[in-house]
2 protein chains.
Amino acid sequence: MVPDTTNTRRGSRSKGSRSNDQPVPQDVHRLPGHLIRRAQQAHNRLWVNEVSAEVTSPQYGILNAILASPGIDQKTVGEEVGIDKSTVGDVVNRLIERKLVVMYRGVEDQRRNLLYLTKAGSLVVADIAPRVLDMNRKLVAALDEPEIERLVSILEKLIASVEENGSGS
Amino acid sequence: MVPDTTNTRRGSRSKGSRSNDQPVPQDVHRLPGHLIRRAQQAHNRLWVNEVSAEVTSPQYGILNAILASPGIDQKTVGEEVGIDKSTVGDVVNRLIERKLVVMYRGVEDQRRNLLYLTKAGSLVVADIAPRVLDMNRKLVAALDEPEIERLVSILEKLIASVEENGSGS
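The structure contained in this document is the topic of the report that follows. (Residues numbered from 1 in each chain as written. Chains lettered and ligands numbered in written order. Predicted model: local features only at pLDDT ≥ 70, side-chain atom pairs only at ≥ 80, totals over all residues. Heavy atoms only, no water.)

## Thoughts on the overall build of chain A
Under the convention used in this document: Helix numbering and strand numbering both begin at the N terminus, where a helix is a DSSP run of H or I of at least 4 residues and a strand a DSSP run of E of at least 2. Categorising residues by exposure relies on relative accessible area from a 1.4 Å probe, with only protein chains included: less than 20% of the type maximum marks a residue as buried, more than 50% marks it as exposed, and the intermediate range marks it as partly exposed. We call two residues in contact whenever any of their non-hydrogen atoms come within 4.5 Å of each other. Note on areas: Shrake-Rupley with a 1.4 Å probe; residue coverage comes only from the protein chains shown.
In terms of helices and strands, chain A carries six helices and three strands. The buried share among the 169 residues of chain A stands at 47%. Pairs at least 24 apart in sequence give 50% of the contacts found in chain A among residues at least 6 apart. Surface summary for chain A: the accessible area is close to 8,700 Å², and the carbon and sulfur share equals 49%.

## With respect to the packing of helix α2 (residues 57–68) of chain B against helix α3 (residues 74–81) of chain B
All names here are of chain B. In plain terms, the rule: Fitted lines through C-alpha atoms serve as axes, helices being fitted only where they are in contact, and the angles separating the N-to-C directions of these axes extend from 0 to 180 degrees. By definition, any crossing whose near helix is turned counterclockwise from its far helix by less than a right angle is left-handed, and any crossing with a clockwise turn is right-handed. Polar here means any residue outside two lists: the nonpolar Ala, Val, Leu, Ile, Met, Phe, Trp, Tyr, Cys and Pro, and the charged Asp, Glu, Lys and Arg; Gly therefore counts as polar.
Two numbers describe how α2 lies on α3: the axes approach to 9 Å, and their chain directions differ by 115°. Between α2 and α3 the crossing geometry is right-handed. In this structure, α2 uses Pro58, Gly61, Ile62, Ala65 and Ile66 to contact α3, whose residues at the interface are Val77, Glu80 and Val81. A per-class count over the contact of α2 with α3 returns six nonpolar, one polar and one charged.

## As for the pattern of salt bridges
This is how it is decided: The salt bridge criterion pairs a side-chain nitrogen of Lys or Arg with a carboxyl oxygen of Asp or Glu, the two atoms within 4 Å.
One pass over the structure, following the stated rule, counts 18 salt bridges over all chains. Residue A:Glu50 is joined to A:Lys138 by a salt bridge in which the shortest nitrogen-to-oxygen separation is 2.8 Å. Here the residue A:Glu50 occupies a position in helix α1 (residues 32–51), and A:Lys138 occupies one in helix α5 (residues 119–139), the gap between them amounting to 88 residues. With relative accessibility at 24%, the residue A:Glu50 sits in the partly exposed group. The partner of A:Glu163 in a salt bridge is B:Arg38, with the nearest N and O atoms 3.0 Å apart. Of this pair, A:Glu163 sits in helix α6 (residues 145–166) while B:Arg38 sits in helix α1 (residues 32–51), placing the two residues on different chains. For B:Arg38, a relative accessible area of 12% corresponds to the buried category. Connected via shared salt-bridge partners are A:Arg30, B:Glu149 and B:Glu156.

## Structural notes on the relation of the copies chain B and chain A
Between the two copies of the chain lies a rotation about an axis combined with a shift along it. Put simply, the test is: The copies were overlaid with a least-squares fit restricted to C-alpha atoms from residues scoring a pLDDT of at least 70 in each copy.
The two copies are related by a screw motion: chain B maps onto chain A through a turn of 180° and a shift of 0.0 Å along the axis, at an RMSD of 0.0 Å. Both chain copies can therefore be described as sitting about a two-fold axis. Here 96% of the interface residues in chain B have copies in chain A that are interface residues too; the copies meet face to matching face.

## Thoughts on the interface of chain B and chain A
Quick reminder of the rule: Note on terms: buried area is the combined drop in 1.4 Å-probe accessible area of two parts once they are placed together, counting the loss on both. For this analysis, a polar contact is any N or O atom pair within 3.5 Å, provided that within protein one partner can donate a hydrogen and the other can accept it, and provided that sequence-adjacent residues contribute only side-chain to side-chain pairs.
Each partner contributes to the interface: chain B provides 77 residues, whereas chain A provides 82 residues. Between chain B and chain A the total buried area reaches about 8,100 Å² when both faces are included, carbon and sulfur atoms providing 60% of it. Connecting chain B to chain A are 30 residue pairs in polar contact (both at pLDDT 80 or more). Counting residues per element, the ones that place at least two in the side of chain B that touches chain A are α1, α2, α3, α5 (119–139) and α6 (145–166) of chain B. Counting residues per element, the side of chain B that touches chain A draws most heavily on α6(B), at 17 residues. Here the side of chain B that touches chain A is built from residues that sort into 37 nonpolar, 19 polar and 21 charged.

## With respect to the environment of B:Val77
All names here are of chain B. Considering the arrangement of structural elements, one finds Val77 in helix α3. For Val77, a relative accessible area of 0% puts it in the buried group. Once residues lying within four places of it in the same chain are set aside, the contact partners of Val77 are Ile62, Ala65, Ile66, Ile72, Val88 and Leu115.

## Digging into the nonpolar core
Rule in force here: Side-chain atoms within 4.5 Å link the members of a nonpolar core, which is a set of buried Ala, Val, Leu, Ile, Met, Phe, Trp, Tyr and Cys residues.
Core analysis: the biggest nonpolar cluster contains 88 residues, and A:Ile62, A:Leu158, B:Ile62 and B:Leu158 have the highest contact counts within it. Beyond its immediate chain neighbours, meaning those up to four positions away, A:Leu158 contacts A:Ile36, B:Ala39, B:Leu139, B:Val140, B:Leu143 and B:Leu151.

## Details of the sheet that holds strand β1 (residues 72–73) of chain A
Residue and element names in this part refer to chain A. Filter applied, for reference: For two strands to count as paired, DSSP must find a minimum of two bridges between them.
What the three strands build is an open sheet, ordered β1-β3-β2; its pairing is antiparallel. Of all the strands in the sheet, just β1 and β2 (101–105) have a single pairing partner and so form its edges. The pairing of β1 with strand β3 (residues 113–117) spans two bridges and is classified as antiparallel. Opposite Ile72, over in β3, you have Leu115 as the bridge partner.

## Thoughts on the packing of aromatic side chains
Operational definition: Only rings of Phe, Tyr and Trp enter the pairing, Trp through its six-membered ring, and a pair is recorded when the two centres are within 6.5 Å. The plane angle decides the type: under 30 degrees is stacked, over 60 is edge-to-face, the rest tilted.
Using the criterion set out here, one finds four aromatic pairs over all chains in the structure. Plain terms: the ring middles of A:Tyr104 and A:Tyr116 are 5.7 Å apart, the flat faces sit at 65° to each other, and that makes the pair edge-to-face. With A:Tyr104 in strand β2 and A:Tyr116 in strand β3, the pair connects residues that are 12 residues apart, well separated along the chain. Judged by relative accessible area, A:Tyr104 falls into the partly exposed class, the value being 37%. A:Tyr116 gets classed as buried once you look at its relative accessible area, which sits at 10%. Centroid distance B:Trp47 to B:Tyr60: 6.0 Å. Interplanar angle 50°. Geometry classified as tilted. Taken as a pair, B:Trp47 in helix α1 and B:Tyr60 in helix α2 lie far apart in primary sequence, 13 residues in all. On the basis of relative accessibility, which here comes to 3%, the residue B:Trp47 falls in the buried class.

Treat this as a map of the structure, not an account of what it does.
Structure follows, in structure tokens:
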């Protein structure tokens, strides 16, 4: 599966032992993580060129989720869009600063902050949505239909498993 | 192209009363770009937890490429690791500041800046390399062998096509 391209070099961490074995470079090119990072970089570059240089992909995800569920709270919107808990607050705050989103304190549960689109936010979503679809078509233009299906289902499986096992640690 | 969204949404907080000229939320969950972003987020989270919170995945890629080709120049190392031209300089500078990499001006071609690992940089690569492999195994733990193969080859195809078509625009 994941090729083992490392040599052993550990034991030489103790101060006295001067090790001769130099570390051997790893062939990272076919490591899944390396390819996922590069794919996201390619996606991000396409996004900036084809969708928007002002609204990022996570920001759009949040605007779109608020459009689907006006009054959604910050925690839920982060889960819905798949944004790390540690960063969703920053993303939302940037949208508020740019007056695309407004936040109200919940009446019944004052710890819940309810999010709504402003009119400008609503216009931004309407403007961007069709471009997101066009950009996604370009992103997978080299793939045929079954490959796209496989990519989607394999990534879904990978994401679900990492989120399940990795979120606590 | 931009739908008329003149309708005010204030006051009509119940979902049922959405008027016809509102933009319609998009189902992003199965868009390839959305899944690639989330997969990279999962990869990044695993990286921080399992590999290193100090050395990022692109930084490691550069250290590893310099180990493979001491004296490689900045442009080439960026291509080798698949890092955008616009950011490779920043990543290299951070490694220089942290004394993991040194840069020399080329003797024959003074515009070429040649990169070498310091001893500390070499130790960092040796320390991280096996953890990168372990982390990659966890990243794809939910996938069977053919799925991993398919993921790798589909992502390679996607990246190559976007880099070919998208880099100029």
